[in-house]
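A structural walkthrough
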Amino acid sequence: MSLFDPIDSDYQSFLLMESVVFPQVLALPTHEYVPEGELYTFCFANGYGALVVRLSGYTLADAFELCVLDCTQQPPEPTFCTPVAASVLPGLSHEAVAQLLVQAEQLPSHPALLQAQMSLLAEVF
């Protein structure tokens, strides 16, 4: 605990939780603690990303929620226009999240990213 932590926060429960890694995914996430559990934010080179919440007090069989992100804007926003997830997906296992992250990382480039690349190619330097 530090001076920046709220007085009522209890991170002791996280000490007993097994660390979560997704070795199948090339991008490294940002990681932070939230009252509901742990938050992992991935941003992929294709312009998409994912927000993964590991809920505290659950087993690894159903401890995760996933939402696909549009990372072409800052801050990244949820997007439901991908074949990976048309909504927030609750009650996921670690294995299911790992598979969905790989699928999101392998999506074709985001249309806004393609448009930006085409604009740069048309520029005369």
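1. What about unusual backbone geometry?
Where the residue is not glycine, phi is negative for most of them; where a peptide bond is considered, it is trans in most cases. Cis geometry is found at the peptide bond from Gln74 to Pro75, where omega equals -5°. Along the chain, Pro75 falls in the loop between strand S4 (64-70) and strand S5 (77-78).

2. Quick notes on the pattern of salt bridges
In a structure, side chains of opposite charge can pair up when their charged atoms sit close to one another. Under the criterion given, the structure shown has one salt bridge. Measuring nitrogen to oxygen at the nearest pair gives 3.4 Å for the salt bridge that ties Arg54 to Glu38. Of this pair, Arg54 sits in strand S3 (residues 48-55) while Glu38 sits in strand S2 (residues 37-43), and the two are 16 residues apart along the sequence. This pair shows no difference in class: Arg54 is buried, exactly as Glu38 is.

3. With respect to the pairing of S3
Taking burial as the measure, the eight residues of S3 include seven buried ones, the bulk of the element. Summarising the sheet, S2 and S3 pair through seven bridges and their orientation is antiparallel. Bridging across to S3, Leu39 finds its partner in Val53. Count of turn residues in the S2/S3 antiparallel hairpin: four residues, of which Gly47 carries a positive phi of about 95°. As judged from the seven bridges shared by S3 and S4, these two strands associate in the antiparallel manner. Across the sheet, the residue bridging to Val52 is Leu66, located in S4.

4. A look at the packing of aromatic side chains
Scanning the model with the defined rule gives four aromatic pairs in all. Look at Phe22 and Phe64: their rings are 6.3 Å apart centre to centre, the planes differ by 70°, and that puts the pair in the edge-to-face class. Note that Phe22 is positioned in the loop between helix H1 (12-15) and strand S1 (30-34) and Phe64 in strand S4, a separation of 42 residues in sequence. With relative accessibility at 9%, the residue Phe22 sits in the buried group. Residue class for Phe64 comes out buried when judged on its relative accessible area of 0%. Taken together, the aromatic side chains of Phe22, Tyr40, Phe42, Phe44 and Phe64 make up a single cluster linked through ring pairs.

Definitions and limits used
Residues numbered from 1 in each chain as written. Predicted model: local features only at pLDDT ≥ 70, side-chain atom pairs only at ≥ 80, totals over all residues. Heavy atoms only, no water. Helix = DSSP H or I, 4+ residues; strand = E, 2+ residues; numbered from the N terminus. Salt bridge = Lys/Arg side-chain N within 4 Å of Asp/Glu carboxyl O. Buried < 20%, exposed > 50% of the residue type's maximum accessible area, 1.4 Å probe, protein only. Pairing = 2+ DSSP bridges. Phe/Tyr/Trp six-rings, centres within 6.5 Å; stacked < 30°, edge-to-face > 60°.

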